[in-house]
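Chain residues, written in single-letter form:
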Amino acid sequence: MMTNSSVRCASPLHHQSLPSRFALAFFNRSLLTKSVFFGATPSPRLVSVRSQTPGSDHGSGSQRSVGFSESTPSAGIANSSSVIDFLTLCRRLKTTKRKGWVNHGIRGAESIADHMYRMAIMALIAADLPGLNRERCIKIALVHDIAEAIVGDITPSDGVPKEEKSRREQAALNEMCEILGGGMRAEEIKELWAEYENNSSLEANLVKDFDKVEMILQALEYEMEHGKVLDEFFISTAGKFQTQIGKSWAAEIILRRKSLSAQRLRR
Ligand code: ZN
């Protein structure tokens, strides 16, 4: 979820070149996705297009099966086929460039996954705070924009109301979790995503700050690399940081930007 409406992700739905092995499955799932978006009840038949290999379903020998018996791993942990389907869908996060940069003519702009990865690193290196679960922050950072693998680019210029955008993203998340096969991991992803969406915890507050910090740091880097002026990203985030860590890191980025700007003026 982008906090700055000007940085969005290019639509991933129409330019993916998926391996043929998965093409049919995703073709069918794209139909399922559409049916979810348009409110129809998804057909289980569409979801069932998977390469099931007898004996390989459980493939979770190295995974913990907390709360579920070994005889029913599918209740808690997705089988290998579902996992690979889910991961193949997640590839779109790697290949979909963030549209805000594309709109500013940035060549080789970062992807959604690039953005989420550096946010996860931020959570990894952040100081410990009383009552803060940093591991949860890392998890939230890794999933907070995951629905964009399906919904792609929804910007204000698209004229989609905020509630409708949120509904589509929730539907996309549900779809992805269905592809994963449900279970405890899927439920965890849903909880993490909702926590971020609702800004309902200290962890979500911090990750929302990281979302903005990551964006303005990237904006500064593109300004330096491409000679652009990307004021709008700094203006749109000014005064919106919720945590001391976010405020402090943002201040450092802004200080560096001012310093670079002053250097340019002296030349
Ligand atoms: Zn984000």
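In this report, we go over the structure that sits alongside the text.

The next subject is the state of the cysteines. Following the criterion strictly, the structure yields zero disulfides and no others. The closest cysteine sulfur to the non-disulfide-bonded Cys90 is located on Cys177, 9.7 Å from its own sulfur.

Turning to the coordination of the zinc ion, a few remarks are in order. Taken together, His115 (NE2), His144 (NE2), Asp145 (OD) and Asp211 (OD) make up the protein donors of the zinc ion, found 2.1 to 2.2 Å from the metal. The site at the zinc ion holds four donor atoms, and with the angles between them running 82 to 177°, its shape is irregular. Sequence spacing of the donors to the zinc ion: H-x28-H-D-x65-D. A residue pair is termed long-range when its members are at least 10 positions apart, and His115 in helix H5 (residues 112-125) and Asp145 in the loop between helix H6 (134-143) and helix H7 (148-151) qualify at 30 residues. For Asp145, a relative accessible area of 1% corresponds to the buried category.

In a regular helix each residue adds 1.5 Å, so 23 residues correspond to 33 Å; helix H12 (residues 244-266) covers 33 Å between its end C-alpha atoms and thus fits that length. Considered for burial, the residues of H12 that qualify are Ile245, Gly246, Ala250, Ile253 and Arg257. Close packing links the buried residues of H12 with helix H10 (202-226) and helix H11 (231-237).

What counts, and at which threshold
Residues numbered from 1 in each chain as written. Predicted model: local features only at pLDDT ≥ 70, side-chain atom pairs only at ≥ 80, totals over all residues. Heavy atoms only, no water. Disulfide = S-S within 2.5 Å. Donors = N, O, S within 2.8 Å, 3.2 Å for Na, K, Ca; no water. Tetrahedral: all angles 85-135°; square planar, octahedral: opposite > 155°, others 65-115°. Helix = DSSP H or I, 4+ residues; strand = E, 2+ residues; numbered from the N terminus. Buried < 20%, exposed > 50% of the residue type's maximum accessible area, 1.4 Å probe, protein only. Expected span 1.5 Å × (residues − 1). Contact = heavy atoms within 4.5 Å.

These results come straight from atomic positions and should not be treated as a statement about function.
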